[in-house]
Amino acid sequence: MKIAKSCVCCDGTALRRVPAVLMPFLAHRIFGWDSVEITPDWAMRDLTLGRAYSVCNTLACEGCGLLFLDMRFDDAEMAALYADYRGPAYRAQRERFEPGYGARNDILLGGSAYIPAIEAILADHVAAAPRVLDWGGDTGVNTPFKDRASLHHVYDISDKPVVSGAERVTLDQARTGPYDLVVSSNVLEHVPFPREQLREIAAAMNPKTILYLEVPHEDIVRLVPASGDRAAAKRHWHEHVNFFTEEAIDAMMEQAGLETLTRISHPVSAGGKGSHVFSIVARSRRPLETPTRPPL
(Lines give C-alpha, C1' and ligand atoms only; values in the text may rest on other atoms or scores of the structure.)
Protein backbone atom coordinates (compact mmCIF):
# COMPACT_ATOMS: atom_id res chain seq x y z
CA MET A 1 0.00 0.00 0.00
CA LYS A 2 1.11 3.54 -0.80
CA ILE A 3 -0.15 6.79 0.70
CA ALA A 4 -1.00 9.32 -2.00
CA LYS A 5 0.98 12.56 -1.93
CA SER A 6 -0.53 14.02 -5.11
CA CYS A 7 -3.79 13.80 -7.04
CA VAL A 8 -4.18 10.52 -8.91
CA CYS A 9 -5.99 12.28 -11.77
CA CYS A 10 -4.23 15.62 -12.39
CA ASP A 11 -1.07 15.12 -10.29
CA GLY A 12 -1.78 18.28 -8.32
CA THR A 13 -0.20 18.57 -4.89
CA ALA A 14 -2.65 21.05 -3.30
CA LEU A 15 -4.71 18.58 -1.27
CA ARG A 16 -7.16 19.10 1.58
CA ARG A 17 -6.87 16.26 4.11
CA VAL A 18 -9.63 15.19 6.51
CA PRO A 19 -9.51 12.16 8.89
CA ALA A 20 -11.78 9.25 7.96
CA VAL A 21 -12.18 5.50 8.55
CA LEU A 22 -11.76 2.48 6.32
CA MET A 23 -14.94 0.43 6.44
CA PRO A 24 -14.55 -2.79 8.45
CA PHE A 25 -15.23 -5.13 5.52
CA LEU A 26 -12.40 -3.64 3.44
CA ALA A 27 -10.00 -3.51 6.37
CA HIS A 28 -10.64 -7.17 7.16
CA ARG A 29 -10.65 -8.50 3.60
CA ILE A 30 -7.52 -6.66 2.44
CA PHE A 31 -5.38 -6.50 5.57
CA GLY A 32 -6.96 -8.86 8.09
CA TRP A 33 -7.59 -5.88 10.37
CA ASP A 34 -10.60 -5.84 12.69
CA SER A 35 -12.09 -3.13 14.85
CA VAL A 36 -11.42 -3.46 18.55
CA GLU A 37 -13.04 -2.31 21.78
CA ILE A 38 -10.67 -0.40 24.06
CA THR A 39 -11.89 -1.25 27.56
CA PRO A 40 -10.70 -0.18 31.05
CA ASP A 41 -8.73 -3.41 31.50
CA TRP A 42 -6.38 -2.26 28.71
CA ALA A 43 -5.08 0.29 31.24
CA MET A 44 -4.35 2.80 28.45
CA ARG A 45 -3.58 6.09 30.11
CA ASP A 46 -3.89 8.37 27.05
CA LEU A 47 -6.49 6.61 24.86
CA THR A 48 -10.24 7.22 25.01
CA LEU A 49 -12.35 4.15 25.73
CA GLY A 50 -14.55 2.87 22.91
CA ARG A 51 -14.41 1.05 19.58
CA ALA A 52 -11.37 1.73 17.41
CA TYR A 53 -11.56 1.42 13.61
CA SER A 54 -8.91 1.53 10.88
CA VAL A 55 -8.07 5.16 10.23
CA CYS A 56 -7.33 6.78 6.88
CA ASN A 57 -7.73 10.19 5.26
CA THR A 58 -10.06 11.74 2.72
CA LEU A 59 -8.12 13.83 0.20
CA ALA A 60 -9.68 16.58 -1.93
CA CYS A 61 -7.69 17.95 -4.86
CA GLU A 62 -7.92 21.72 -5.03
CA GLY A 63 -7.04 21.57 -8.73
CA CYS A 64 -9.49 19.14 -10.36
CA GLY A 65 -11.79 18.50 -7.39
CA LEU A 66 -11.17 14.75 -7.17
CA LEU A 67 -12.21 13.29 -3.81
CA PHE A 68 -10.18 10.18 -2.94
CA LEU A 69 -8.87 7.83 -0.27
CA ASP A 70 -5.24 8.43 0.65
CA MET A 71 -4.54 4.66 0.73
CA ARG A 72 -3.52 3.33 -2.69
CA PHE A 73 -3.71 -0.48 -2.62
CA ASP A 74 -1.03 -2.52 -4.41
CA ASP A 75 -1.65 -5.43 -6.80
CA ALA A 76 -1.67 -8.09 -4.08
CA GLU A 77 -4.10 -6.08 -1.97
CA MET A 78 -6.39 -5.49 -4.96
CA ALA A 79 -6.28 -9.21 -5.71
CA ALA A 80 -7.26 -10.00 -2.12
CA LEU A 81 -10.17 -7.58 -2.28
CA TYR A 82 -11.58 -8.68 -5.64
CA ALA A 83 -10.91 -12.43 -5.63
CA ASP A 84 -14.24 -14.24 -6.16
CA TYR A 85 -15.86 -10.79 -6.42
CA ARG A 86 -19.55 -11.13 -5.50
CA GLY A 87 -19.13 -14.90 -5.40
CA PRO A 88 -20.30 -17.12 -2.50
CA ALA A 89 -17.28 -16.55 -0.22
CA TYR A 90 -17.22 -12.81 -0.90
CA ARG A 91 -20.94 -12.54 -0.27
CA ALA A 92 -20.77 -14.48 3.00
CA GLN A 93 -17.89 -12.39 4.34
CA ARG A 94 -19.47 -9.09 3.37
CA GLU A 95 -22.86 -10.13 4.77
CA ARG A 96 -21.16 -10.64 8.15
CA PHE A 97 -20.02 -7.02 8.20
CA GLU A 98 -22.97 -5.54 6.30
CA PRO A 99 -26.20 -7.47 7.05
CA GLY A 100 -28.54 -7.34 4.08
CA TYR A 101 -25.80 -7.13 1.46
CA GLY A 102 -26.59 -10.61 0.11
CA ALA A 103 -29.99 -9.59 -1.25
CA ARG A 104 -28.47 -6.67 -3.15
CA ASN A 105 -25.67 -8.91 -4.39
CA ASP A 106 -28.21 -11.27 -5.93
CA ILE A 107 -29.75 -8.38 -7.89
CA LEU A 108 -26.33 -7.20 -9.09
CA LEU A 109 -25.44 -10.67 -10.36
CA GLY A 110 -28.51 -10.58 -12.59
CA GLY A 111 -27.17 -7.63 -14.58
CA SER A 112 -28.10 -3.96 -14.90
CA ALA A 113 -31.43 -3.03 -16.44
CA TYR A 114 -30.17 0.24 -17.91
CA ILE A 115 -27.77 -1.29 -20.49
CA PRO A 116 -30.21 -0.57 -23.38
CA ALA A 117 -29.91 3.14 -22.53
CA ILE A 118 -26.12 2.87 -22.82
CA GLU A 119 -26.46 1.09 -26.16
CA ALA A 120 -28.63 3.98 -27.35
CA ILE A 121 -25.89 6.46 -26.38
CA LEU A 122 -23.37 4.40 -28.35
CA ALA A 123 -25.55 3.50 -31.34
CA ASP A 124 -24.31 6.31 -33.61
CA HIS A 125 -20.66 5.54 -32.86
CA VAL A 126 -20.28 1.78 -33.38
CA ALA A 127 -21.04 -0.80 -36.04
CA ALA A 128 -24.06 -3.09 -35.93
CA ALA A 129 -21.99 -6.08 -34.77
CA PRO A 130 -18.98 -4.55 -33.02
CA ARG A 131 -15.86 -6.27 -31.76
CA VAL A 132 -16.00 -5.45 -28.04
CA LEU A 133 -13.47 -5.54 -25.22
CA ASP A 134 -14.97 -5.09 -21.74
CA TRP A 135 -12.12 -3.91 -19.51
CA GLY A 136 -12.95 -4.81 -15.92
CA GLY A 137 -16.22 -6.35 -17.08
CA ASP A 138 -16.46 -9.09 -14.40
CA THR A 139 -18.44 -11.86 -16.13
CA GLY A 140 -19.44 -9.73 -19.13
CA VAL A 141 -23.10 -9.71 -18.09
CA ASN A 142 -23.29 -5.91 -18.46
CA THR A 143 -21.29 -5.52 -21.67
CA PRO A 144 -23.18 -3.29 -24.16
CA PHE A 145 -24.12 -5.10 -27.41
CA LYS A 146 -23.09 -8.48 -25.96
CA ASP A 147 -26.03 -10.18 -27.70
CA ARG A 148 -24.94 -9.02 -31.16
CA ALA A 149 -21.20 -8.41 -30.83
CA SER A 150 -19.07 -10.22 -33.39
CA LEU A 151 -16.40 -10.55 -30.69
CA HIS A 152 -16.88 -10.25 -26.92
CA HIS A 153 -13.69 -10.21 -24.86
CA VAL A 154 -13.53 -9.61 -21.11
CA TYR A 155 -10.44 -8.60 -19.20
CA ASP A 156 -10.90 -8.64 -15.40
CA ILE A 157 -8.79 -9.44 -12.34
CA SER A 158 -11.61 -11.39 -10.67
CA ASP A 159 -11.03 -14.39 -12.97
CA LYS A 160 -14.66 -15.52 -12.76
CA PRO A 161 -16.38 -17.58 -15.49
CA VAL A 162 -17.82 -15.35 -18.22
CA VAL A 163 -21.29 -15.37 -19.77
CA SER A 164 -22.11 -17.42 -22.84
CA GLY A 165 -20.57 -15.96 -25.98
CA ALA A 166 -17.82 -14.09 -24.13
CA GLU A 167 -14.15 -15.00 -23.86
CA ARG A 168 -11.83 -14.04 -21.01
CA VAL A 169 -8.50 -12.57 -22.17
CA THR A 170 -5.21 -11.65 -20.54
CA LEU A 171 -3.81 -8.12 -20.42
CA ASP A 172 -1.41 -8.93 -23.26
CA GLN A 173 -4.28 -10.29 -25.37
CA ALA A 174 -6.39 -7.21 -24.62
CA ARG A 175 -3.62 -4.97 -25.91
CA THR A 176 -3.50 -6.71 -29.29
CA GLY A 177 -7.12 -5.98 -30.37
CA PRO A 178 -8.34 -4.86 -32.78
CA TYR A 179 -11.60 -3.65 -31.22
CA ASP A 180 -14.39 -1.42 -32.45
CA LEU A 181 -15.53 -0.68 -28.91
CA VAL A 182 -13.67 -0.77 -25.60
CA VAL A 183 -15.86 -0.57 -22.50
CA SER A 184 -14.72 0.35 -19.01
CA SER A 185 -17.84 0.62 -16.89
CA ASN A 186 -17.71 1.29 -13.14
CA VAL A 187 -14.04 0.35 -12.89
CA LEU A 188 -11.95 3.50 -12.38
CA GLU A 189 -13.64 4.35 -9.09
CA HIS A 190 -12.15 1.12 -7.68
CA VAL A 191 -8.54 1.29 -8.86
CA PRO A 192 -5.57 2.90 -7.07
CA PHE A 193 -4.20 4.70 -10.14
CA PRO A 194 -7.11 5.58 -12.45
CA ARG A 195 -5.05 7.83 -14.72
CA GLU A 196 -2.54 5.04 -15.43
CA GLN A 197 -5.40 2.55 -15.83
CA LEU A 198 -6.99 4.80 -18.45
CA ARG A 199 -3.67 5.02 -20.27
CA GLU A 200 -3.51 1.21 -20.35
CA ILE A 201 -7.05 1.09 -21.74
CA ALA A 202 -6.15 3.68 -24.38
CA ALA A 203 -3.20 1.51 -25.42
CA ALA A 204 -5.69 -1.23 -26.42
CA MET A 205 -7.39 1.20 -28.83
CA ASN A 206 -6.63 2.14 -32.43
CA PRO A 207 -7.61 5.46 -34.07
CA LYS A 208 -11.02 4.02 -35.05
CA THR A 209 -11.83 2.45 -31.68
CA ILE A 210 -14.59 4.00 -29.58
CA LEU A 211 -14.26 4.04 -25.79
CA TYR A 212 -17.27 3.92 -23.50
CA LEU A 213 -16.26 5.01 -20.00
CA GLU A 214 -18.70 4.98 -17.09
CA VAL A 215 -18.00 6.10 -13.52
CA PRO A 216 -20.33 7.06 -10.67
CA HIS A 217 -21.35 10.68 -10.29
CA GLU A 218 -21.32 10.33 -6.53
CA ASP A 219 -23.93 12.21 -4.49
CA ILE A 220 -21.30 14.16 -2.53
CA VAL A 221 -19.80 15.48 -5.77
CA ARG A 222 -23.19 16.03 -7.38
CA LEU A 223 -25.02 17.65 -4.47
CA VAL A 224 -22.32 19.42 -2.46
CA PRO A 225 -21.20 22.51 -4.41
CA ALA A 226 -17.55 22.89 -5.35
CA SER A 227 -17.38 25.81 -2.94
CA GLY A 228 -18.56 23.53 -0.13
CA ASP A 229 -16.46 21.19 1.99
CA ARG A 230 -16.84 17.87 0.18
CA ALA A 231 -13.89 16.38 2.06
CA ALA A 232 -15.57 16.91 5.42
CA ALA A 233 -18.70 15.20 4.06
CA LYS A 234 -16.74 12.02 3.21
CA ARG A 235 -15.77 10.35 6.49
CA HIS A 236 -15.72 6.69 5.45
CA TRP A 237 -14.30 4.71 2.52
CA HIS A 238 -15.45 1.48 0.95
CA GLU A 239 -14.64 -0.10 -2.43
CA HIS A 240 -15.13 3.17 -4.35
CA VAL A 241 -11.86 4.95 -3.59
CA ASN A 242 -12.14 7.73 -6.22
CA PHE A 243 -15.05 10.21 -6.48
CA PHE A 244 -14.76 11.95 -9.85
CA THR A 245 -15.63 15.46 -10.96
CA GLU A 246 -15.90 16.57 -14.60
CA GLU A 247 -12.56 18.34 -14.20
CA ALA A 248 -10.88 15.18 -12.88
CA ILE A 249 -12.24 13.18 -15.81
CA ASP A 250 -10.99 15.85 -18.25
CA ALA A 251 -7.50 15.71 -16.70
CA MET A 252 -7.32 11.93 -17.10
CA MET A 253 -8.66 12.00 -20.64
CA GLU A 254 -6.13 14.64 -21.67
CA GLN A 255 -3.19 12.72 -20.22
CA ALA A 256 -4.39 9.46 -21.79
CA GLY A 257 -4.54 11.05 -25.23
CA LEU A 258 -8.31 10.71 -25.51
CA GLU A 259 -10.87 13.06 -27.05
CA THR A 260 -14.30 13.23 -25.41
CA LEU A 261 -17.15 13.01 -27.91
CA THR A 262 -20.04 12.83 -25.43
CA ARG A 263 -20.32 13.16 -21.67
CA ILE A 264 -23.58 13.13 -19.76
CA SER A 265 -24.60 12.64 -16.14
CA HIS A 266 -27.82 10.69 -15.75
CA PRO A 267 -29.74 8.61 -13.18
CA VAL A 268 -29.57 4.81 -13.24
CA SER A 269 -30.84 1.97 -11.09
CA ALA A 270 -28.66 -1.02 -10.21
CA GLY A 271 -28.66 -3.46 -7.31
CA GLY A 272 -32.04 -2.27 -6.15
CA LYS A 273 -30.97 1.34 -5.58
CA GLY A 274 -30.77 4.51 -7.63
CA SER A 275 -27.66 6.56 -8.36
CA HIS A 276 -26.13 8.80 -11.02
CA VAL A 277 -23.32 8.00 -13.44
CA PHE A 278 -21.14 9.83 -15.91
CA SER A 279 -21.39 8.24 -19.37
CA ILE A 280 -18.47 9.23 -21.58
CA VAL A 281 -17.88 8.36 -25.23
CA ALA A 282 -14.35 9.03 -26.49
CA ARG A 283 -11.75 8.15 -29.10
CA SER A 284 -7.97 8.29 -29.31
CA ARG A 285 -6.31 11.60 -30.25
CA ARG A 286 -2.87 10.14 -30.83
CA PRO A 287 -1.10 6.77 -30.86
CA LEU A 288 0.12 5.72 -27.42
CA GLU A 289 2.92 3.45 -26.33
CA THR A 290 2.27 0.81 -23.72
CA PRO A 291 2.39 2.74 -20.42
CA THR A 292 4.65 2.01 -17.51
CA ARG A 293 2.77 1.76 -14.24
CA PRO A 294 4.22 3.49 -11.18
CA PRO A 295 5.96 1.15 -8.72
CA LEU A 296 3.78 -0.12 -5.88
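Rules used in this analysis
- Counting from 1, residues in each chain are numbered in the order their sequence is written.
- Per-residue local features are limited, in this predicted model, to residues with pLDDT of at least 70; the limit for side-chain atom pairs, both in listing and counting, is 80 or more; totals at the level of whole chains, interfaces and linings are taken over all residues.
- The side-chain quantities take in all heavy atoms of the structure and omit both hydrogens and water.
- Helix numbers and strand numbers start at the N terminus; a helix is a DSSP run of H or I with at least 4 residues, a strand a run of E with at least 2.
- The globule rule used for comparison is 2.2 Å times the number of residues to the exponent 0.38, while the radius of gyration itself is calculated over C-alpha atoms.
- When a residue's accessible area, from a 1.4 Å probe over protein chains only, is under 20% of the maximum for its type it is buried; when over 50% it is exposed; and in between it is partly exposed.
- Accessible areas in this description were obtained via Shrake-Rupley with a 1.4 Å probe; residue shielding takes into account the shown protein chains only.
- His residues and chain termini do not enter the charge count, which takes Lys and Arg as positive and Asp and Glu as negative.
- We put the charge of a Lys on NZ, of an Arg on CZ, of an Asp on CG and of a Glu on CD.
- Between any two strands, at least two bridges found by DSSP are needed for them to pair.
- Nine residue types can take part in a nonpolar core, namely buried Ala, Val, Leu, Ile, Met, Phe, Trp, Tyr and Cys, and a core is a set of them joined through side-chain atoms within 4.5 Å.
- We call two residues in contact when some of their heavy atoms are within 4.5 Å.

A. Spatial organisation of the overall build of the protein. When its secondary structure is counted, the protein shows ten helices and 16 strands. Here the C-alpha atoms of the protein give a radius of gyration of 20 Å, agreeing with the 19 Å that 2.2 N^0.38 yields for 296 residues. Over its C-alpha atoms, taken along the principal directions, the protein stretches across nearly 70 × 40 × 35 Å. Looking at the protein as a whole, 48% of its 296 residues are labelled buried. Taken as a whole, the protein presents about 13,800 Å² of accessible surface, with 53% of it coming from carbon and sulfur. For the protein, the distance from the average position of its 32 positive side-chain charges to the average position of its 38 negative side-chain charges is 2 Å.

B. Examining the sheet that holds strand β15 (residues 258-270) more closely. With mixed pairing, seven strands are arranged side by side in an open sheet as β10-β9-β8-β11-β12-β16-β15. Of all strands in the sheet, those bounded by a partner on one side alone are β10 (167-168) and β15. Relative to strand β9 (residues 151-155), strand β8 (residues 131-135) is paired through five bridges, and the arrangement is parallel. Bridge assignment links Trp-135 to a residue of β9, and that residue is Tyr-155.

C. Quick peek at the nonpolar core. Grouped together as the largest cluster of nonpolar side chains are 63 residues, with contacts concentrated most on Leu-22, Leu-66, Phe-73, Leu-133, Leu-198, Leu-211 and Phe-244. Ignoring anything within four residues of it in the chain, the contact list for Leu-211 reads Val-182, Leu-198, Ile-201, Met-205, Leu-258, Ile-280, Val-281 and Ala-282. Counting residues in hydrophobic clusters, the runner-up holds 13 residues, among them Leu-122, Leu-181, Tyr-212 and Val-277.

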